[in-house]
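Here are the chains, one letter per residue:
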Amino acid sequence: MKTDILIIGCGPASLTAALYTLRAGLKTIILAGSAPGGQLLQTNDIENYPGFVNPVGGFELMDSMQKQAKRLGAEILTETAAKVDSQNKKVICQSGAEYEYLSLIIATGASARWLNIAGEDTFKGKGVSACATCDGFFYKGKEVCVVGGGNTAFEDALFLTNFCPKVYLVHRRDGFRADAKNIAKAKENPKIEMVIPAVVDSLQGSENGLEAVVLKNPQTNEKRTIKVQGVFVAIGSVPQTAFLKDSGIILNEAGQVIVNERTQTNIEGIFAAGDCTNTLYRQAVVAAGAGAKAGIEAASFVNLLK
């Protein structure tokens, strides 16, 4: 199948990009994968997306975005990209289907790295989160735990002190990967207690939500139970870019697509936006903004070809 614009992914970046390519009068196909909507589908309430007076559910927001794109003429397919043949301008899917394009937008997002421990899946959205910026406000007045040792973990812990009377910062090693400035700020904050070295052994709670976290000292195997109502996992994310191997598109060491401020990759006519790129801010509204830029750039590229 041939199309003017081919978009891989179906999150805020891809669907916003489609709005601009469709309004430019270009045929647009979205390869949405098996779970259209991305990470937002795991978020119950979103308070920081513009235009919603009351919190909006992740599913509701993504469903509205998809319907908007379809109304403008987008063809959204539950196809999963397996390979990008940039030389011949086509994408091969896991199903074997092939799609030829004039311009390609990659917006496959990233998935959070989880702890993979007992109780984690049970309490996702009920006390377990991978985004303090998104969900921190809902834990106002509650004690929480942040897991990680990098800048994100420290920034999350400091951010959460705006709402929470107690924040436990848990890290598996005695040392941290975070910047000295962030470490100093956290140590000076009376609301933050560092628990090191420690790993999360399991999570406990009821149908009402998370109630406690069981920590284990990796050196002595001694366990400790801390009563908390929230656990924020800040051990990084995995960009969904494995299918770009041998595509010629340059990725950084973390596997993110390297783009410039115009969302251009190193290959002419291929653009990327959202959490799969080397962006600093991992927020839905930022991804949508980058998607708008990618859509505008891709549309301009195609119009020059015609």
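Read on for a plain summary of the structure. (Residues numbered from 1 in each chain as written. Predicted model: local features only at pLDDT ≥ 70, side-chain atom pairs only at ≥ 80, totals over all residues. Heavy atoms only, no water.)

## Regarding the pattern of salt bridges
Two side chains of opposite charge can pair, provided their charged atoms sit close to one another. Considering all chains together, one arrives at eight salt bridges under this definition. When the shortest N-O distance is used, the salt bridge between K223 and D201 registers 3.3 Å. With K223 in strand β14 (residues 223–227) and D201 in strand β12 (residues 199–206), this pair connects stretches of sequence that are 22 residues apart. Under the relative-accessibility criterion, D201 is labelled partly exposed at 26%. Here the residues in one salt-bridge network are K166, E193 and R224, joined through shared partners. (Salt bridge = Lys/Arg side-chain N within 4 Å of Asp/Glu carboxyl O. Helix = DSSP H or I, 4+ residues; strand = E, 2+ residues; numbered from the N terminus. Buried < 20%, exposed > 50% of the residue type's maximum accessible area, 1.4 Å probe, protein only.)

## Describing the side chain of N182
Relative to the assigned elements, N182 resides in helix α6 (residues 180–188). Excluding residues within four positions of it along the chain, N182 makes contact with N151, F154, E155 and L158. (Contact = heavy atoms within 4.5 Å.)

## Some details on the state of the cysteines
Per the counting criterion, the structure on display carries one disulfide. A disulfide bridge connects C131 with C134, and the sulfur atoms are separated by 2.1 Å. Disulfide C131-C134: torsion about the S-S bond near 65°, hence right-handed. Residue C131 is classed as buried on the basis of its relative accessible area, which comes to 17%. C134 sits in the partly exposed class, given a relative accessible area of 22%. Here C10 is not disulfide-linked; the sulfur of C276 is the nearest cysteine sulfur, at 14 Å. The structure places no disulfide on C164, whose sulfur is separated from the nearest cysteine sulfur, that of C145, by 11 Å. (Disulfide = S-S within 2.5 Å.)

## Remarks on helix α5 (residues 151–160)
Every buried residue of α5 is listed here: A153, F154, D156, A157, L158 and L160. Structurally, α5 contributes buried residues whose contacts are with α4 (132–135), β9 (144–147), β10 (167–170), α6, β11 (192–195) and β15 (230–233).

## Regarding the sheet that holds strand β13 (residues 209–216)
Strand order across the open sheet formed by three strands is β12-β13-β14, with antiparallel pairing between neighbours. Two strands bound the open sheet, and with one partner strand each, they are β12 and β14. Strand-to-strand, the axes of this sheet are offset by a mean angle of 25°, without reference to chain direction. Across seven bridges, β12 lies against β13 in antiparallel orientation. In the strand pairing of β13, G205 is matched with L210. (Pairing = 2+ DSSP bridges. Axes fitted to C-alpha atoms, helices over the stretch in contact; angles between N-to-C directions.)

## Comments concerning the packing of aromatic side chains
The full count for this structure, using the stated rule, is seven aromatic pairs. Relative to F138, the ring of F137 has its centre 6.4 Å away and its plane inclined at 70°; by these criteria the two rings are edge-to-face. By way of ring pairs, the aromatic residues F137, F138, F159 and F163 are connected into one cluster. The ring of W114 has K124 lying over it, and the distance from NZ or CZ to the ring centre is 4.1 Å. (Phe/Tyr/Trp six-rings, centres within 6.5 Å; stacked < 30°, edge-to-face > 60°. Lys NZ or Arg CZ within 6 Å of the ring centre and 35° of its normal.)

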